[in-house]
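Chain residues, written in single-letter form:
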Amino acid sequence: MRIALSQLTTGPDPGKNLRLVEEWTRRASDAGARVVGFPEASMACFGTPLAPLAEPLDGPWADGVRQIARATGTVVVAGMFTPAPGGRVANTLLATGDGVEAAYDKIHLYDAFGYRESDTVAAGSGTTVIDVDGVRLGLATCYDVRFPELFRAHADAGAAATLLAASWGAGPGKLDQWELLVRARALDATVWLAAVDQAEPDTEPGSAPTGIGHSRVVGPDGTVRHALGAEPGLLVADLDIDEVATVRQKTSVLANRRPELWR
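Cut-offs and rules
- Residues numbered from 1 in each chain as written.
- Predicted model: local features only at pLDDT ≥ 70, side-chain atom pairs only at ≥ 80, totals over all residues.
- Heavy atoms only, no water.
- Pairing = 2+ DSSP bridges.
- Helix = DSSP H or I, 4+ residues; strand = E, 2+ residues; numbered from the N terminus.
- Core = buried A, V, L, I, M, F, W, Y, C linked by side-chain atoms within 4.5 Å.
- Buried < 20%, exposed > 50% of the residue type's maximum accessible area, 1.4 Å probe, protein only.
- Contact = heavy atoms within 4.5 Å.
- Arc of directions from axis to C-beta.
- Right-handed = clockwise from strand over helix to strand, strands pointing away.
- Polar contact = N/O pair within 3.5 Å; in protein donor to acceptor, adjacent residues only side chain to side chain.
- Axes fitted to C-alpha atoms, helices over the stretch in contact; angles between N-to-C directions.
- Phe/Tyr/Trp six-rings, centres within 6.5 Å; stacked < 30°, edge-to-face > 60°.
- Lys NZ or Arg CZ within 6 Å of the ring centre and 35° of its normal.

J.: How would you sum up the pairing of strand E14 (residues 224-227)? Please name residues and give values.
T.: In the sheet, strand E13 (residues 216-218) pairs with E14 via three bridges, with the strands oriented antiparallel. Opposite valine 218, over in E14, you have valine 224 as the bridge partner. From the end of E13 to the start of E14, which pair antiparallel, there are five residues, and glycine 222 there has a positive phi angle of about 85 degrees.

J.: Describe the nonpolar core, naming the residues involved and giving the relevant values.
T.: With 48 residues, the main nonpolar core has Ile130, Leu164 and Val217 as its most contacted residues. Here valine 217 is in contact with Ile3, Leu5, Trp192, Leu193, Ala194, Thr223, Val224, Arg225, His226, Leu235, Ala237 and Leu239, once residues within four sequence places are set aside. Core analysis: the second largest hydrophobic core is formed by 32 residues, Leu8, Ala33, Ala54 and Leu94 among them.

J.: Now, about helix H3 (residues 148-156): what can you tell me, with residues and values included?
T.: Listing the buried residues of H3 in full gives Pro148, Leu150, Phe151, His154 and Ala155. Viewed end-on, H3 has its buried residues packed into an arc of 160 degrees, placing them on one side of the element. Residues of H3 that are exposed and angled more than 90 degrees away from the buried face: Glu149 and Asp156. Of the residues trailing H3, glycine 158 is marked for its positive phi of about 95 degrees.

J.: Please set out the pairing of strand E1 (residues 2-7) residue by residue, giving values where relevant.
T.: Within E1, five of the six residues are buried, which leaves the element mostly enclosed by the surrounding structure. Taken together, the six bridges between E1 and strand E15 (residues 233-238) define a ladder with antiparallel strand orientation. Within E15, the position partnered with glutamine 7 by the bridge is glycine 233. As judged from the three bridges shared by E1 and strand E2 (residues 35-37), these two strands associate in the parallel manner. By the bridge assignment, isoleucine 3 is partnered in E2 with valine 35. A crossover connection joins E1 to the parallel E2 through helix H1 (residues 14-30); in handedness this β-α-β unit is right-handed.

J.: Quick one: what's the story with the side chain of threonine 128, residue by residue and with numbers?
T.: Looking at the element boundaries, threonine 128 is found in the loop between strand E8 (121-122) and strand E9 (129-132). On the basis of relative accessible area, threonine 128 is assigned to the buried category, the value being 11%. Polar side-chain contacts of threonine 128 include one of 3.0 Å to the backbone oxygen of alanine 103.

J.: Tell me about unusual backbone geometry, residues and numbers included.
T.: The backbone of phenylalanine 113 shows a phi angle near 50 degrees, a positive value even though the residue is not glycine. Here phenylalanine 113 shows up in the loop between strand E6 (111-112) and strand E7 (115-116). The exposed category is assigned to phenylalanine 113, whose relative accessible area is 53%. Its identity as a non-glycine residue notwithstanding, aspartate 133 has a phi of 55 degrees, on the positive side.

J.: Break down the sheet that holds E9 for me, with residues and values.
T.: Through backbone hydrogen bonds, the strands of a sheet pair up, either in parallel or in antiparallel fashion. Spatially, E9-E10-E11-E12-E13-E14 is the arrangement adopted by the six strands of the open sheet, whose pairing is mixed. The sheet is open, and its two borders are formed by E9 and E14, each paired with just one other strand. Going from strand to strand, the sheet's axes swing by 20 degrees on average, the running direction of each strand aside.

J.: Provide a residue-level description of the packing of aromatic side chains, including the pertinent values.
T.: Across all of its chains, the model carries six aromatic pairs by this definition. Seen in terms of ring centroids, phenylalanine 46 and phenylalanine 81 are 5.6 Å apart; in terms of plane orientation they differ by 75 degrees. Their pairing is edge-to-face. Of this pair, phenylalanine 46 sits in the loop between E2 and helix H2 (60-72) while phenylalanine 81 is found in strand E3 (residues 75-83), placing the two residues 35 residues apart along the sequence. Side by side, phenylalanine 46 and phenylalanine 81 carry an identical accessibility label, which is buried. Aromatic pair tyrosine 110 and tyrosine 115: ring centres 5.8 Å apart, planes at 35 degrees, arrangement tilted. For the pair tyrosine 110 and tyrosine 115, one class covers both residues: buried. Aromatic ring contacts, followed pair by pair, group Tyr110, Phe113, Tyr115, Tyr143 and Phe147 into a single cluster. Above the plane of the ring of tryptophan 24 lies arginine 27, whose end atom (NZ or CZ) is 4.6 Å from the centre.

Dropping the structure here:
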C-alpha cells in the first residue's frame, strides 16, 4: 500500500486550511498514494478558539474533505474539531474516501508540559480502525503515542498499520521523545507506524502545541524507513503488509503477552 504523509503548517482559518488539504492531496495522488495522512488540527491550529470553529462530521469542512478524496481517488485522514457537550470540542480524525467513512476522537488528552487540552477538548472513548483495499489501519492522535495499549488494540483488531496524526509540542527533549515513542509503538504492537506531524512553524513556539515536523514511517520491527526534517514536505512510502506477519512470527510480543497479570 502506498501512503503519503502531508507535513504542513496550518493556521487559524479553516477555509485556507481546506485549500491546503486539497493542494497536498492532489500532490500525493499524483505520486500514486492511496491513503493521504494529514496532521492533527488540520482544520485549525491550536491556539485558536476552537468551539466557534467546530463543525459536525456532516458539516461543510468535512464535506470539503470528502469532495477532495472523491476527486483524487484517495482516502484522506485529517484532523478536525467537532462539537462536544459543555461547550468543548472533540479532537477528531476524519477518514474518508472510496469505501471508507469513519472518525476517531482522541482518547488521551494532552494535559502535560504545562498545557491542558482537557480544558477545551472532551476525550474520546473508543478505538477506530479502517479498511482500505483489504488492509486495516488504526487511527491515533499525538499524545496517544505515549500509551502503548491503544496501538496493541489496533493490532488485536487486525490492523497492519497505524496512522498517527500529531501537532507535537516543541521543547527541550521533545524531538528525542517523538522519535523514540513512534519507534516503540511500532515495535511493541508490530505494526507499520505512519506518523505525520505539523511542520515546524516559522515563528517561535507559543503556549499551544504547533509542530516540530520529523514525520516518519516506521516498520513493524521498529526501524525507521522514511523520515522528513522540520520543514514542510510530502513523504510517500510503500508499506509491505506481508512484512507484518513475518515480524510477528519472529518477534512474538503480541502472542507472548500475559495481560491477566496486570488487571
